[in-house]
Amino acid sequence: MSGTTGKKTERLLNLLIMLLVQRRFVPKERIRSILYPGTSDEAFEKMFERDKDELRSLGVPIEVGQIDAYFDDEPGYRIRPDQFALPAIDLEADEASVIALATKVWEHARLADATTEAVRKLVALGVPVDVSALDIVEPRLSADEPSFDVFLEATTERTPVEFDYLRSGEATPTRRHLQPWGVARYSGRWYVVGLDTDRGAERVFRLSRVQGEARKAGEPGSYDVPPGTDVREVARRLAPPPSSDRTVVLVRAGAGYALRRNADETETGVAGPDERTPWDRLVLTRGIPGAADEILAHGADVVVEEPTWLRETVVARLTAALAAARPGEQAS
C-alpha cells in the first residue's frame, strides 16, 4: 500500500490494534497523541470520527465508556476481544459470519507485516499491549482470493472497482462495476459488499469468483457508504445460504485442507476411486457452503458420497464441462 491510501489503512489498523490490545478504555487525548500527532483540533476530530465510523461500518464493536467510574471525565474507547472474536463453534454456520478486516487475516502476508509494525510502534511509544488479543480469530485467505487487497484498499479510500465475475453455473465471466462498502467473511467465504452501479442495487460478490485482477476505476472519495450500513448483515442477507445437509466426501491424502478443517469426523485409509494415493473419508454435519463449487474446485482429489443430490450435481457439471471441451465428439 502506498500514498494516502496506505497511510489511511495503516492508521485504521493502528487504531484497531491500539483499542484491541489494551484492557482499559483508552483516553481520547492519548489516541490523538500517538496516532494523530501534529493535527489541529478540528482536523483530529474529523479524522477520528471518520476512522471510528469506518471501523464500525466493517463490523468492529468500538465501545465508549468513562475511564474513571467516579468522575465525569473525558470518554475513553476500547474494543472487547470477546465481542470481536468468532462465535462459539456450536453456532449455526450463518451465525458464525465475521467481518473481514485486516486484523482478522494475520496469515495474509501484507496485512501480517502491517500488524507486526503497528504493534512495534505502540510498544516503542510505551503503550502497554496484550498481544494475546490478536489471536482471537484466524480465518485464512486462500490463493483463490488475490483481489482481497484491491477491494480492501478501495473500501478505505471509497474508490469504485471494476472486475470480471464468474457466476455459478455460467461458462463465461461478465464485467461488473462496484462501489465497495466493505469486505466480509460469511459462512466460510469472503465477499465484497457494495453498490452495483450497473444494476443500481446493493450486491455481494464472492472473491473466489473474481476472474483475473480487480481494478480501481474512479476517483478516491467519489461515493459515500449509506449511513447505518452493516456490511455483515448485507452479506448474510444477500449471499447464498449455506447448505445444511450432512455431507460425506472422500478426499485424497494431502489434499482438501479447507474441507478437513471443517470436518466433524475423519476416517483415514479408506478405499477410494483409485489407488494412486491413500484416501480419507470426511463427514461434515453442517454441510458445505456453495457445496458443488467447493467440491469441483478440488478436481479429482475429492469425491462425493452423499447427499445424492450433491453427487448428481457435481457429476452433471463435470459432464457438461467435458462436453464443452470436446464439442466435436458425440456422446456414446
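Computed from a predicted structure; not experimentally measured.

1. Here we look at the overall build of the protein chain
And step 1. Across its full length, the protein chain carries ten helices and 13 strands.
And step 2. In the protein chain, buried positions account for 43% of the 332 residues.
And step 3. For the protein chain, the accessible surface area stands at approximately 17,300 Å², while carbon and sulfur atoms represent 50% of it.

2. Looking at the pairing of strand S8 (residues 201-206)
And step 1. Summarising the sheet, strand S7 (residues 189-196) and S8 pair through six bridges and their orientation is antiparallel. Paired with Gly194 across the strands is Arg203, a residue of S8.
And step 2. Hairpin connection between S7 and S8: a loop of four residues separates the two successive antiparallel strands, and Gly200 in this loop has a positive phi of roughly 65°.

3. Observations regarding the sheet that holds strand S11 (residues 265-270)
And step 1. Taken together, the four strands give an open sheet; going across it, the order is S11-S12-S10-S13, and neighbouring strands pair in antiparallel fashion. Of all strands in the sheet, those bounded by a partner on one side alone are S11 and strand S13 (302-306). Direction aside, the axes of adjacent strands within the sheet are offset by 25° on average.

4. Points about the sheet that holds strand S1 (residues 26-27)
And step 1. As summarised here, the arrangement of the three strands in space is S1-S3-S2, forming an open sheet in which the pairing is antiparallel. The open sheet is flanked by S1 and strand S2 (62-66), the only strands paired with a single partner.
And step 2. The pairing of S1 with strand S3 (residues 75-79) spans two bridges and is antiparallel. Residue pairing for S3: Pro27 is matched across the bridge by Gly76.

5. Thoughts on the confidence of the model for the protein chain
And step 1. Averaged over all residues, the pLDDT of the protein chain is 75; the fraction at 70 or higher stands at 69%.
And step 2. Of all the helices and strands in the protein chain, strand S4 (residues 98-99) carries the lowest mean pLDDT, 30, while strand S5 (residues 161-165) carries the highest, 96.
And step 3. In the predicted structure, residues 86-112 sits below a pLDDT of 50 and forms 72 contacts with residues beyond four places in sequence or in another chain.
And step 4. In this model, residues 135-140 is a region of pLDDT below 50 whose contacts with residues beyond four sequence positions or in other chains number 18 contacts.

6. Quick look at the packing of aromatic side chains
And step 1. Summed over all chains, the structure comprises nine aromatic pairs.
And step 2. Taking the centre distance of 5.4 Å and the plane angle of 10° together, the rings of Phe44 and Phe48 count as stacked. Of the two residues, Phe44 and Phe48 are both situated in helix H3 (residues 41-57); the distance of four residues between them amounts to about one turn of the helix. Each member of the pair, Phe44 as well as Phe48, is classed as buried.
And step 3. When the centroid spacing of 5.4 Å and the interplanar angle of 85° are considered together, the rings of Phe151 and Phe163 count as edge-to-face.

7. Here's the deal with the nonpolar core
And step 1. Grouped together as the largest cluster of nonpolar side chains are 18 residues, with contacts concentrated most on Leu15, Leu19 and Ile31.
And step 2. Elements supplying a minimum of two residues to this core: helix H1 (3-20), helix H2 (28-35), H3 and S3.
And step 3. Broken down by element, this core gets its largest block of residues, six residues, from H1.
And step 4. Residues in contact with Leu19, not counting those within four places in the same chain, are Val26, Ile31, Ile62, Tyr77, Arg78 and Ile79.
And step 5. Within the second largest apolar cluster, 15 residues are counted, among which are Phe151, Val192, Val210 and Ala214.

8. Here we look at the environment of Leu282
And step 1. Among the secondary structure elements, Leu282 is positioned in strand S12 (residues 279-284).
And step 2. Considered as a pair, Leu282 and Gly256 are 26 residues apart in the sequence and their alpha carbons are 10.0 Å apart.

9. Things to note about helix H6 (residues 148-157)
And step 1. Burial within H6 is extensive, with nine of its ten residues counted as buried.
And step 2. Buried residues of H6: Phe148, Asp149, Phe151, Leu152, Glu153, Ala154, Thr155, Thr156 and Glu157, and no others.
And step 3. Looking one or two residues beyond H6, the residue adopting positive phi is Arg158, at roughly 60°.

Basis of the calculations
- The residue count restarts for each chain, going from 1 along the sequence in the order it is written.
- With pLDDT at 70 or above as the cut-off, local features in this predicted model cover only qualifying residues; side-chain atom pairs require 80 or more to be listed or tallied, and sums for whole chains, interfaces and linings still use all residues.
- Side-chain figures throughout are based on the complete set of non-hydrogen atoms in the structure, without hydrogens or water.
- Secondary structure elements are taken from DSSP: a helix is a run of H or I of four residues or more, a strand is a run of E of two residues or more, and numbering for both begins at the N terminus.
- A simple rule labels every residue: compare its accessible area, found with a 1.4 Å probe on the protein chains alone, to the largest value its type can have, and call it buried under 20%, exposed over 50%, or partly exposed in between.
- The method behind every accessible area is Shrake-Rupley, applied with a 1.4 Å probe, and residues are considered shielded solely by the protein chains displayed.
- For two strands to be treated as a pair, DSSP must find no fewer than two bridges joining them.
- Every axis in this analysis is a line fitted to C-alpha atoms, fitted for helices over the stretch in contact. Angles between the N-to-C directions lie between 0 and 180 degrees.
- Values of pLDDT, ranging from 0 to 100, describe the predictor's confidence in every residue of the model.
- Contacts are assigned to residue pairs that have any heavy atoms within 4.5 Å of one another.
- Aromatic pairs are defined between Phe, Tyr and Trp rings, using the six-membered ring for Trp, whenever the two ring centres lie within 6.5 Å; interplanar angles under 30 degrees are classed as stacked, those over 60 as edge-to-face, and all others as tilted.
- Residues belong to a common nonpolar core when they are buried Ala, Val, Leu, Ile, Met, Phe, Trp, Tyr or Cys residues joined through side-chain atoms within 4.5 Å.

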